[in-house]
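Now for the letters of each chain:
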Amino acid sequence: MRGDVEGNNVILSAKYSLINSAQQLPLDLTQIRPNSVVHGYICNIIETGCFVRFLGRLTGFSPRHKAMDDQRAAPSESFYIGQSVRSNILDVNKKIMATPHKWNDMRKIAKLQLSDSKDSELKWAEGFNIGTVVEGKVCDAKDFGVVISFEKYNDVFGFITHYQSNGTKAERGSTVQAVVLDVAKTERLVDLSLKAEFLDRQKEESSNSQTGKKEAFKGLQPQQTVNAIVEIVKENYLVLSLPEYNYAIGYSSVSDYNTQKVPQKQFLHGQNVTAIVMALPSPSTFGRLLLVLKSVSEATETSCSKRAKKKSSYNVGSLVQAEITDIKPLELRLKFGIGFHGRVHITEVSDENVSENPFSNFRIGQTLSARIMAKANKSENNSKHHQWELSIKPELLTGSIEVENKLADAEFRISTRQRVAGYVYKVENEWIWLTISRHIKGQLFILDTSCEPNELQEFRKRFEVGKAVSGYVLSANKEKKLLRMVLRQFSVSDGMLNGKVLNLDDQHSNPPIENLIPHIREGDTLGGRISKILSDVGGL
């Protein structure tokens, strides 16, 4: 990098980006041209910007407004001394602007993923070319996916995530045919997919084996902008598919030299991104199609992306791909898009609230389709985050649904004696509280839950939070969206309650008698509780 004549010292660098572009690094001003892109490293940081060093003592300066998207942050929060950067030359005599760089990062990752110290140990990878179909046996099923073993390789394993399973429930011991999406030679791990689009693509290429490999990337050119779908999220890179190019497989880094200290965005399976083709498959790319996300705003959480959230195109009724981040007794927590958070209420899982444990088939990390039911509300735990109300009811995910009209219908078409179902969300001494929907609550009195004394004594144990309960509407308060319910069906005489919706009294522990007795008929067997012993007359 620089020689010290007096001290007989030579300053060296082992930075990958500098070694790879050694022939293009400028030594003095005569070798620099405006609008050219040059590799360097940050040698000093001040409040107004960063100094970038090249060969010798050739130094450039990137002002704060040219170096960062978020002008409120200090340069020291986004960069550090010694950090490799890629710079765009604006003026030979004055200043240099640092711009994001991912190309060398992706080449380095590809090399690390596909290299090893002993070539003889890598022969197994020749049978797992990207995009080919391999056969294996399901040896284990985990919460986060399926593990595959291969007959020829005892120490090599395949993995299929829930997103790549295409809805197939593979049983242990069953044989599957899957497409290779990624190979990690050092870890001896192969990422696979059962998705129909990849299997169909491979069949087409097999039918024309001589030109299949070329056809897979036909029409793609370096520097071309393409639409891509996130298939696999790795720690440092993404595995992407290109739907417009017969689902060709590509790879893109999730970070770059210039944004190492900037918080990186979390990507989701199935997320749509825009990328630029940097290199077609060749020996120098280890046979991989290398891509770069089109802009830093797609890979980092900047002020620009935060402002974009406020102007989000997501509307009530929009269908989104979301990833489960947490499973609670009464809701699923999810994330989607760029930094958006939402929840699926327990009543928004199935068309009828009859499942005893509606979340039993879901796992953290699983990706699913969801319909937006309401725009974001402030989270109870963190006012900085906003929760979008989502639904995964089958009837809402299929076809065209007028969500707002459907919500209105569901909330105001409840009548007396109607059968409704919900889930327990609170148990008090004498009352059970139910959630019938996101907005409608229900109450069930202890003496209306059974006519058996032993069951009444075990009242709190019989109704746990999350338990599914169905009953009949005795009365309702539309303003409070509160229902008074009983478990058994009842009939009333003509003119009593028929077709009416009665209001509940504010004092739930002592509701008016006219709201309680219509469901009690002569000859009914009731459960009761001794309130007073009449010793004078020998009665209770």
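Note that the structure is predicted; figures quoted are calculated from it, not measured. The numbers attached to residues start from 1 for each chain and follow its sequence in the written order. Per-residue local features of the predicted model are confined to residues with pLDDT of at least 70, and side-chain atom pairs are confined, for both listing and counting, to 80 or more; whole-chain, interface and lining totals are unaffected and use all residues. Excluding hydrogens and water, the side-chain values take into account all heavy atoms of the structure.

## Brief notes about the overall build of the protein
Reasoning step 1: Counting its secondary structure elements, the protein contains eleven helices and 27 strands.
Reasoning step 2: Looking at the protein as a whole, 45% of its 540 residues are labelled buried.
Reasoning step 3: Long-range contacts, defined as pairs at least 24 residues apart, comprise 62% of the intrachain contacts of the protein with a sequence gap of at least 6.
Reasoning step 4: Summed over all atoms, the accessible surface of the protein reaches about 29,000 Å², with 48% contributed by carbon and sulfur. The secondary structure listing takes helices from DSSP runs of H or I that are at least 4 residues long and strands from runs of E that are at least 2 residues long, numbered from the N terminus. Relative accessibility thresholds used throughout: buried, under 20% of the residue-type maximum; exposed, over 50%; partly exposed, between the two (1.4 Å probe, protein chains only). Two residues qualify as a contact provided that any one of their heavy atoms is within 4.5 Å of a heavy atom in the partner residue. What sets the accessible areas is the Shrake-Rupley method with a 1.4 Å probe; for residues, cover comes only from the shown protein chains.

## A closer look at the side chain of glutamate 231
Reasoning step 1: Here glutamate 231 lies in strand β13 (residues 225-233).
Reasoning step 2: If near-sequence neighbours (up to four positions away) are discounted, glutamate 231 is found in contact with Tyr163, Gln164, Leu181, Lys195, Phe198, Val239, Leu240, Ser241 and His269.

## Structural notes on the pairing of strand β18 (residues 319-328)
Reasoning step 1: Inspection of the sheet shows β18 paired to strand β19 (residues 331-336) by six bridges, in the antiparallel sense. The residue bridging aspartate 326 from the neighbouring strand is arginine 333, located in β19.
Reasoning step 2: Strand pairing is assigned whenever DSSP identifies at least 2 bridges connecting the two strands. Taken together, β18 and the strand that follows it, β19, pair antiparallel across an intervening segment of two residues.

## Here we look at the nonpolar core
Reasoning step 1: Side-chain atoms within 4.5 Å are what join buried Ala, Val, Leu, Ile, Met, Phe, Trp, Tyr and Cys residues into a set we call a nonpolar core. Counting residues in each nonpolar core, the largest one holds 22 residues, and the members touching the most others are Val424, Ile432, Leu434, Ile436, Phe463 and Leu483.
Reasoning step 2: Breaking this core down by element, the ones donating at least two residues are β23 (419-427), β24 (431-435), β25 (441-445), β26 (468-477) and β27 (482-486).
Reasoning step 3: The dominant element in this core, judged by the number of residues it contributes, is β24, at four residues.
Reasoning step 4: The residues touching isoleucine 432, leaving out its near neighbours within four places in the chain, are Val424, Lys426, Gly442, Gln443, Leu444, Thr449, Phe459 and Phe463.
Reasoning step 5: Of all hydrophobic cores here, the second largest spans 21 residues; its members include Leu332, Leu334, Phe340 and Ile372.

## Quick notes on the environment of glycine 287
Reasoning step 1: Examined against the element boundaries, glycine 287 turns out to sit in the loop between β16 (272-279) and β17 (289-293).
Reasoning step 2: On the accessibility criterion, glycine 287 (44% relative accessible area) is partly exposed.
Reasoning step 3: Along the chain, glycine 287 and isoleucine 130 lie 157 residues apart, while their C-alpha atoms are 8.5 Å from each other.
Reasoning step 4: Here glycine 287 is in contact with Pro281 and Ser282, once residues within four sequence places are set aside.

## A word on the pairing of β19
Strand residues, when the strand is regular, have side chains that alternate between the two faces of the sheet.
Reasoning step 1: Of all six residues that make up β19, six are buried, and the element is covered over most of its length.
Reasoning step 2: Both β19 and strand β20 (residues 340-345) contribute to a ladder of six bridges, which runs antiparallel. Across the sheet, leucine 332 pairs through a bridge with valine 344, a residue of β20.

## A word on the packing of aromatic side chains
Reasoning step 1: Stacked, tilted and edge-to-face pairs are distinguished by plane angle, under 30 degrees for stacked and over 60 for edge-to-face with tilted covering the rest, among Phe, Tyr and Trp rings (Trp via its six-membered ring) whose centres lie within 6.5 Å. Applying the stated rule across the entire model yields twelve aromatic pairs.
Reasoning step 2: Centre to centre, the rings of phenylalanine 128 and phenylalanine 150 are 4.9 Å apart; their planes meet at 70 degrees, and the pair counts as edge-to-face. Remark: phenylalanine 150 occurs in the loop between β9 (145-149) and β10 (157-161) and phenylalanine 128 occurs in the loop between α4 (103-113) and β8 (133-142); sequence separation between them is 22 residues. With respect to class, phenylalanine 128 is no different from phenylalanine 150; both count as buried.
Reasoning step 3: On the numbers, 6.5 Å between centres and 55 degrees between planes, the contact of tyrosine 237 with tyrosine 251 is tilted. In this pair, tyrosine 237 sits in strand β14 (residues 237-242) while tyrosine 251 sits in strand β15 (residues 248-253), placing the two residues 14 residues apart along the sequence. By the burial criterion, tyrosine 237 is buried, and tyrosine 251 matches it.
Reasoning step 4: One aromatic cluster is present, formed by Trp124, Phe128, Phe150 and Tyr153 through successive ring pairs.
Reasoning step 5: By the criterion adopted, a ring carries a charge over it if an Arg CZ or a Lys NZ lies within 6 Å of its centre and within 35 degrees of its normal. A cation over a ring is seen here: arginine 288 above tyrosine 251, with NZ or CZ 4.2 Å from the ring centre.
Reasoning step 6: The ring of tyrosine 425 carries the charged tip of lysine 441 above its face, separated from the ring centre by 4.9 Å.

## A word on the sheet that holds β27
Reasoning step 1: The strand order around the closed barrel formed by five strands is β23-β24-β25-β27-β26, and the pairing between neighbours is mixed. Averaged over all adjacent pairs, the angle separating strand axes in this sheet is 55 degrees, with direction ignored.
Reasoning step 2: When β23 meets β26, the two strands line up antiparallel, connected through five bridges. Within β26, the position partnered with glycine 422 by the bridge is valine 469. Every angle, taken between N-to-C directions, lies between 0 and 180 degrees, and every axis is a line fitted to C-alpha atoms, over only the stretch in contact when it is a helix.

## As for a nonpolar patch on the surface
Reasoning step 1: Each patch is assembled from residues with relative accessible area greater than 30% and no salt bridge, linking like charges that lie within 9 Å and nonpolar side chains (Val, Leu, Ile, Met, Phe, Trp, Tyr) that lie within 5 Å. Counted as salt bridges are all cases of a side-chain nitrogen of Lys or Arg within 4 Å of a carboxyl oxygen of Asp or Glu. Residues Ile530, Ile533 and Leu540 make up a contiguous nonpolar surface patch of roughly 380 Å² in combined accessible area.
Reasoning step 2: Here leucine 540 shows up in the segment after β27.
Reasoning step 3: Accessibility expressed as a relative area gives 71% for leucine 540, which makes it exposed.

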